[in-house]
Amino acid sequence: MKKFHFSLDRVLRVKEINEDKKKDEFQRAQKYKDQIEKQLNELKQSKESIIKELNDTQKNPVQIQYLKTYHNYLSSLDEQITNQSYKLQIAEKELKHVRQEWIDAKQEKRVLEKLKERHYQEFRKESLKQEQKVLDEMTVQSVYSR
């Protein structure tokens, strides 16, 4: 009995490699987005602690120079937060794009896997038919040979 051979095995292998590559890209994009998000949260927490510190400082007499320094630092933090928020938006868009590419690659691979399964089922069906035919012939020959 001959062995099953799927003519598109190489194409299927390429699709599997492509899917793995897209999955890795997705994981890298997810990690990058998480890193940007963590940095943004740290900046926001920093700003909150500076505001709290500034409010505590203002309860006592303080020099204007200190207030200016706080406000300058807060302005700098606001600018950093804005920049980081923008980076996060870009990272989220990229993540969405890479996720869709990964989904598409999985679907392409799945189509070929289903086709391979269908071809395998047809092969099995044909093989069983051939086996039955051989058995029938053997039975007929054994009946006639008696």
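See above for the structure.
First, a word on scope: everything that follows refers to the structure included in this document. What you are looking at is a predicted structure, and each value in this text was computed from that prediction instead of being measured. (Residues numbered from 1 in each chain as written. Predicted model: local features only at pLDDT ≥ 70, side-chain atom pairs only at ≥ 80, totals over all residues. Heavy atoms only, no water.)

1. Comments concerning the pattern of salt bridges
Turning to step 1, where the next piece is worked out: Tallying each qualifying case throughout the model produces 11 salt bridges.
Turning to step 2, where the next piece is worked out: K15 is the salt-bridge partner of E108, the closest N and O atoms lying 3.1 Å from each other. Within this pair, whereas E108 is found in helix 2 (residues 64-145), its partner K15 is found in helix 1 (residues 9-57), the two being separated by 93 residues in sequence.
Turning to step 3, where the next piece is worked out: The partly exposed category is assigned to E108, whose relative accessible area is 37%.
Turning to step 4, where the next piece is worked out: Taking relative accessible area as the criterion, K15 reaches 24% and is therefore assigned partly exposed.
Turning to step 5, where the next piece is worked out: Each member of the salt-bridge network shares a partner with another, and the members are E19, K109 and E113. (Salt bridge = Lys/Arg side-chain N within 4 Å of Asp/Glu carboxyl O. Helix = DSSP H or I, 4+ residues; strand = E, 2+ residues; numbered from the N terminus. Buried < 20%, exposed > 50% of the residue type's maximum accessible area, 1.4 Å probe, protein only.)

2. Things to note about the nonpolar core
Turning to step 1, where the next piece is worked out: Of all hydrophobic cores here, the largest spans 10 residues; its members are I36, L40, L43, I50, L54, Y70, L74, L77, I81 and L88.
Turning to step 2, where the next piece is worked out: Those elements giving two or more residues to this core turn out to be helix 1 and helix 2.
Turning to step 3, where the next piece is worked out: When residues no more than four places from it in sequence are discounted, the contact partners of L43 are L77, Q80, I81 and Q84.
Turning to step 4, where the next piece is worked out: Core analysis: the second largest hydrophobic core is formed by five residues, A29, L95, V98 and W102 among them. (Core = buried A, V, L, I, M, F, W, Y, C linked by side-chain atoms within 4.5 Å. Contact = heavy atoms within 4.5 Å.)

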